[in-house]
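# Reading the structure
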Amino acid sequence: MALPSNTASSWMQNLDLPSRVFGEGGFGGTDYELYEEDDEFVLTIDMPGFDREEIDLAWDDGVLNVAAEHVDENRGRRKTYHRRFRFPREVDEDAISARYENGVLEVTLPAVVDAAATGTTIPIEG
């Protein structure tokens, strides 16, 4: 039996699959944006509900660790966040800066000029 081709009359009408179900970026959506501009990486992370003092950033051998913990004693809840970001180029770790404002963490990571991308090139067959 063939499925109906007119989805406007089906139960799936206006669902806009898969983006509306899974978020614009695929499964689970995304809480961050990472881009490279003018020889620096810029990472923005949506982290509402945390205070600046509750967020820890650490740089370790090409990996940025972002961790946060907020305890709401009135409600008996604990909120945690942890992500690791690996960068494809060498970063000037002494020039990394971060700012947290209105629930958004922005980290600027200047890339070392003329540094080659790290890793191994993988050939693609086809």
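Residues numbered from 1 in each chain as written. Predicted model: local features only at pLDDT ≥ 70, side-chain atom pairs only at ≥ 80, totals over all residues. Heavy atoms only, no water.

## Quick word on the packing of aromatic side chains
For any pair of aromatic rings, geometry is given as the distance between the ring centres together with the angle between the planes. How we decide: In summary, the pairing rule links any two rings of Phe, Tyr or Trp, Trp by its six-membered ring, whose centres are within 6.5 Å, and it sorts them by plane angle into stacked for under 30 degrees, edge-to-face for over 60 and tilted for everything else. Each helix is a run of H or I in the DSSP string that is no shorter than four residues. Each strand is a run of E no shorter than two, and both are numbered from the N terminus.
Evaluated as defined, the whole model comprises three aromatic pairs. With a centroid separation of 5.0 Å and 80° between ring planes, the pair formed by Tyr32 and Phe85 is classed as edge-to-face. You can see Tyr32 sitting in strand E1 (residues 32–37) and its partner Phe85 sitting in strand E5 (residues 77–86), a full 53 residues away along the chain. A network of ring pairs unites the aromatic residues Phe41, Trp59 and Phe87 as a single cluster.

## What about unusual backbone geometry?
Defined as follows: Summary of the burial criterion: residues with accessible area below 20% of their type's maximum are buried, those above 50% are exposed, and those between are partly exposed, where the area comes from a 1.4 Å probe applied to protein chains only.
Although it is not a glycine, Asp39 sits at a positive phi angle of roughly 60°. The exposure class assigned to Asp39 is partly exposed, which follows from its relative accessible area of 42%. The residue Asn102 is not glycine, and still its phi comes out positive at about 55°. Mapped onto the elements, Asn102 comes out in the loop between strand E6 (97–101) and strand E7 (104–110). Given the relative accessible area of 74%, Asn102 is considered exposed.

Bear in mind that shape data such as this cannot, by itself, settle questions of function.
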